[in-house]
There are 2 protein chains.
Amino acid sequence: MSELYRSHNMNAGPGALPLEVLQQAQTELLDFKGTGMSVMEMSHRSKEFDEVIQTAEADLRELIGIPSNYKILFLQGGASLQFAMVPMNLRPVGASADYVVTGTWSKTAVKESKKLGTVRLAANTENEGFKTLPTSLDLDPKAAYLHFTSNETIHGVEFFNEPTPPDGVPLFCDASSDFISHPVDITKYALMYAGAQKNAGPAGVTVVILRDDMLERVPANMPVMLDYKIQAESGSMHNTPPCFSIYMIGLVFKWAKKVGGLSAIEKMNRAKSDLLYKAIDESGGFYTGHAKPEARSLMNIPFRLPSEELEELCAKEAKKAGIIGLKGHRSVGGMRASLYNAVTIDSVNMLVNFLKEFQRKNG
Amino acid sequence: MSELYRSHNMNAGPGALPLEVLQQAQTELLDFKGTGMSVMEMSHRSKEFDEVIQTAEADLRELIGIPSNYKILFLQGGASLQFAMVPMNLRPVGASADYVVTGTWSKTAVKESKKLGTVRLAANTENEGFKTLPTSLDLDPKAAYLHFTSNETIHGVEFFNEPTPPDGVPLFCDASSDFISHPVDITKYALMYAGAQKNAGPAGVTVVILRDDMLERVPANMPVMLDYKIQAESGSMHNTPPCFSIYMIGLVFKWAKKVGGLSAIEKMNRAKSDLLYKAIDESGGFYTGHAKPEARSLMNIPFRLPSEELEELCAKEAKKAGIIGLKGHRSVGGMRASLYNAVTIDSVNMLVNFLKEFQRKNG
């Protein structure tokens, strides 16, 4: 058998998955634990799949430290559907919700929420080019909730301490791109959601962590698939869930526990991002980071080169060197390296060496 | 390497997938076509994934014979989310829609639709125990659409000719459990949708085939993920689609073409279901089919034994013999064999022989 070729995967999502997770999925693909079936072929009501989904939930509970008064849901539609489901379920008619806007994704959450009711901006850093975190918040003490985006995938700004809402206002978070990348005190949150396809698994499943009391807000007569209460009561199995994606995130949760849990993972992520930020900072202005140092994301690192031509060439030559996904989001251009949990420090070293060499040749 | 164990998979969904499709997925799982990445790790904006989704669409177009004035969408949330999206998008405010009710799933579609507007029943066979198709329809010539369920997965009744709506009333179909199991004249339909997890692939992707003119009905300001127009304009990639599930259905579409297309597949499906119905009919009343002969599904075959104890025993002994998924849906009990495209005639022969032997021992 020829040696396995694996690229250095810096994709912003879907992104790199742990090699051993993929290897286990490959081994079990035709016959899951002696059932004579793939996970993809098993009934979602079978005891085998029940164990898959229960174990995924239990492992996530342990990994983050989620108390029993929180439900964990495995839904579909990505964070983009949550942008609508959150206000549909949890903003009572006539109430207003506060949003902190720090980049494209929180701005998009606001746009969706406004279609369905009243939004107030507690902060908006767009005038500063989405390069930083807000220095102060204008908070409504009567808000239905305070929503923020813990990491902006496109602009590369990340909260390291969550905003503090007024007493009695629940805190909601879109954690799609820094989910399970560092420890978090979930008891500060009433709702956290994340599309899986960054740190947690393949696209096609969305994790929603929801404090029980929030379910009392869910209005009657919602379409079943958009109703948190029905999804919670049915253990995410009102209809057929995305079984294989749930199986995959379960394997990733097991892997995250095995490598030491979220503290160990944060340490690795800090080491990785430090390497790249250092290379950017020491390039004498050839590479310039987008975010201000105090707001720099550990996950997504957007940066620019002196010209678009050089950016084009850099992404192209990186690809030749096996470093994939360096082109910035089509909405902002430039470059971006995403250093999710499964990206190894070897890959980051490879990237840093490549960037140094590229500067030497083109700087 | 030990010989591969594969069960005889009669699950109602998720269900059996073609072995060679799973084998290809297994082979490519760690390195898709020399990219050094799994399909699960690739950007949905990459040229490699673009080819995956475009090829899946083109193959489905060829398989069914879908003209260019139809869009093909790959969405999430299953048929259950379509139950809400269909009226949200395509029933204008104040208009009424006609529904044909022939089993649990069409009844559920009505329940969801009623939450959002006006429903009329063009037919309802519940009083006859959902054993047959309606003999006549009470049609509203001004209906926004006529909706029917081509195959009822739980009750095992299947339409072999679609109902004919009044002139100008578009025909909509939930084809989840007989999708790509036989040829269909799609030009008779304005909308067809199907959760993949029966004949087309793993759970987590929903195929929606939609005639272009329907998009003019979509109201403004819908939540983006629930908006057919936005999904159509973005080629199902407004946000990250369920990439791996789309890859898998693409492999299944290729397989379906390779085995001869939908006519050949229907022929195989008829041969398979004939075998089982014959065994039921020739059992002298030990096994009794649920559906009346003229409405019998080729896909899902619910049947009863003389007692619940015998049904329990039969399912248990079948499982020991490697025949999986024979328990009927929890809402109706009894037995059910699902003979989707990927279930082989060998598996059906195995089932028939098992049932004969079970009757000999217990009849």
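Residues numbered from 1 in each chain as written. Chains lettered and ligands numbered in written order. Predicted model: local features only at pLDDT ≥ 70, side-chain atom pairs only at ≥ 80, totals over all residues. Heavy atoms only, no water.

1. Concerning the interface of chain B and chain A
With 61 residues of chain B in contact, the opposing surface of chain A contributes 61 residues. Interface area, chain B with chain A, both sides summed: about 4,900 Å², of which 59% is carbon and sulfur. Contact with chain A buries surface across chain B, with B:Leu30, B:Met40 and B:Glu41 losing the most and accounting together for 15% of the total. With a closest N to O distance of 2.7 Å, B:Arg6 and A:Glu41 form a salt bridge. There are 23 residue pairs in polar contact (both at pLDDT 80 or more) connecting chain B and chain A. Among the elements of the structure, helix 1 (19-28), helix 3 (78-90), helix 4 (104-116) and helix 6 (243-258) of chain B are those that each provide at least two residues to the side of chain B that touches chain A. If one sorts the elements of the side of chain B that touches chain A by residue count, helix 1 of chain B sits on top with six residues. Grouping the constituent residues of the side of chain B that touches chain A by class yields 29 nonpolar, 23 polar and nine charged. (Contact = heavy atoms within 4.5 Å. Buried area = accessible area lost by both parts, 1.4 Å probe. Salt bridge = Lys/Arg side-chain N within 4 Å of Asp/Glu carboxyl O. Polar contact = N/O pair within 3.5 Å; in protein donor to acceptor, adjacent residues only side chain to side chain. Helix = DSSP H or I, 4+ residues; strand = E, 2+ residues; numbered from the N terminus. Nonpolar A, V, L, I, M, F, W, Y, C, P; charged D, E, K, R; others polar.)

2. A closer look at the relation of the copies chain B and chain A
Once chain B is rotated about the relating axis by 180° and shifted along it by 0.0 Å, it coincides with chain A to within an RMSD of 0.0 Å. What the rotation and shift describe, once combined, is the action of a two-fold rotation axis. When you check the interface residues of chain B against chain A, 100% turn up at the interface there too, and the contact is symmetric in its surfaces. (Least-squares fit on C-alpha atoms with pLDDT ≥ 70 in both.)

3. Quick word on the sheet that holds strand 9 (residues 288-289) of chain A
All names here are of chain A. Across the sheet, which stays open at both edges, the three strands sit in the order 9-10-12 with antiparallel pairing between neighbours. Each edge of the open sheet carries a strand with a single partner, namely strand 9 and strand 12 (335-338). Direction of pairing for strand 10 (residues 300-304) relative to strand 12: antiparallel, over a ladder of four bridges. Following the sheet pairing, Asn 300 is matched in strand 12 by Ser 338. (Pairing = 2+ DSSP bridges.)

4. Comments concerning the packing of helix 3 of chain B against helix 4 of chain B
Residue and element names in this part refer to chain B. Contact geometry of helix 3 with helix 4 gives a least axis separation of 9 Å together with a crossing angle of 45°. Comparing the axis directions of helix 3 and helix 4 gives the class oblique. Where helix 3 crosses over helix 4, the two elements pack in a sense that is right-handed. Each of Ser 80, Phe 83, Ala 84, Pro 87 and Met 88 in helix 3 lies in contact with helix 4, whose residues at this interface are Trp 105, Thr 108, Ala 109, Glu 112, Ser 113 and Leu 116. The class makeup of the residues in the contact of helix 3 with helix 4 is seven nonpolar, three polar and one charged. (Axes fitted to C-alpha atoms, helices over the stretch in contact; angles between N-to-C directions. Parallel < 35°, antiparallel > 145°, perpendicular 65-115°, else oblique. Left-handed = near helix turned anticlockwise from the far one by under 90°.)

5. Structural notes on the pattern of salt bridges
On inspection of all chains with the given rule, the structure shows 39 salt bridges over all chains. Between A:Arg296 and A:Asp281 there is a salt bridge; the shortest N-O distance is 2.7 Å. With A:Arg296 in the loop between strand 9 and strand 10 and A:Asp281 in helix 7 (residues 261-281), this residue pair connects regions lying 15 residues apart in the sequence. What makes A:Arg296 buried here is its relative accessible area of 13%. Residues B:Asp212 and B:Lys71 are paired through a salt bridge, measuring 2.9 Å at the closest nitrogen-oxygen approach. (Buried < 20%, exposed > 50% of the residue type's maximum accessible area, 1.4 Å probe, protein only.)

6. Overview of the nonpolar core
If you look at the biggest cluster of nonpolar residues, it comprises 129 residues, and the most contacted ones within it are A:Phe179 and B:Phe179. With residues up to four places along the chain from it excluded, the contact list for A:Phe179 reads A:Leu60, A:Ile64, A:Met192, A:Ala194, A:Asn199, A:Ala200, A:Val207, A:Ile209 and A:Phe253. (Core = buried A, V, L, I, M, F, W, Y, C linked by side-chain atoms within 4.5 Å.)

7. Section: unusual backbone geometry
Residues and elements named next belong to chain A. Across the junction of Gly 13 and Pro 14, the peptide omega takes the value -10°, indicating a cis bond. You can see Pro 14 is positioned in the loop between strand 1 (8-9) and helix 1 (19-28). The backbone of Phe 130 sits at a positive phi, close to 55°, despite the residue not being glycine. Turning to its location among the elements, Phe 130 is positioned in the loop between strand 4 (118-124) and strand 5 (146-149). Looking at Phe 130, the relative accessible area reads 6%, which means it is buried.

8. Notes on the packing of aromatic side chains
Tallied over the full model, the rule gives 23 aromatic pairs over all chains. Here the aromatic rings of A:Phe244 and A:Tyr247 are separated by 5.5 Å at their centres, their planes lie at 40°, and the arrangement is tilted. A residue pair is termed a helical-turn pair when its members lie 3 or 4 positions apart in one helix, as A:Phe244 and A:Tyr247 do in helix 6 (residues 243-258) at three residues. Following the ring pairs from residue to residue traces out a cluster consisting of A:Phe32, A:Phe244, A:Tyr247, B:Phe32, B:Phe244 and B:Tyr247. One cation-aromatic arrangement involves A:Arg270 over A:Phe160; the distance from NZ or CZ to the ring centre is 5.2 Å. (Phe/Tyr/Trp six-rings, centres within 6.5 Å; stacked < 30°, edge-to-face > 60°. Lys NZ or Arg CZ within 6 Å of the ring centre and 35° of its normal.)

9. Describing the sheet that holds strand 11 (residues 288-289) of chain B
Residues and elements named next belong to chain B. With antiparallel pairing, three strands are arranged side by side in an open sheet as 11-12-14. Whereas interior strands pair on both sides, the edge strands pair on one side only; in this sheet they are strand 11 and strand 14 (335-338). Judged from the two bridges that link them, strand 11 and strand 12 (residues 300-304) form a sheet pairing that is antiparallel. Following the sheet pairing, Gly 289 is matched in strand 12 by Phe 303.

10. Remarks on the domain arrangement of chain A
Residue and element names in this part refer to chain A. Domains assigned within chain A are domain 1 (22-258) and domain 2 (260-362). Summarising the inter-unit geometry, the C-alpha centres of domain 1 and domain 2 are found 27 Å apart. Counting residues at the interface gives 28 residues for domain 1 and 26 residues for domain 2. Contact between domain 1 and domain 2 buries roughly 2,200 Å² in total, counting both sides, with carbon and sulfur atoms accounting for 58%. Area buried by domain 1 at its contact with domain 2 is led by Lys 131, Ile 154 and Phe 160, which between them contribute 23% of it. Inspection of the region where domain 1 meets domain 2 yields zero salt bridges. At the junction of domain 1 with domain 2, the criterion picks out 16 residue pairs in polar contact (both at pLDDT 80 or more). (Domains from an automatic or database assignment.)

11. A short note on helix 8 (residues 308-320) of chain A
All names here are of chain A. For helix 8, which comprises 13 residues, the first-to-last C-alpha distance of 18 Å matches the rise-based estimate of 18 Å (1.5 Å per residue) to within 8%. Taken residue by residue, helix 8 has Leu 310, Glu 311, Cys 314, Ala 315 and Ala 318 as its buried positions. Taken around the axis of helix 8, the buried residues stretch over an arc of 135°, which confines them to a single face. Facing away from the buried side of helix 8, by more than 90 degrees, are the exposed residues Glu 309, Glu 312, Lys 316 and Lys 320. Elements that come into contact with the buried residues of helix 8 comprise strand 10, strand 11 (323-324), strand 12 and helix 9 (345-362). Looking one or two residues past helix 8, Gly 322 carries a phi angle of roughly 85°, positive in sign. (Expected span 1.5 Å × (residues − 1). Arc of directions from axis to C-beta.)

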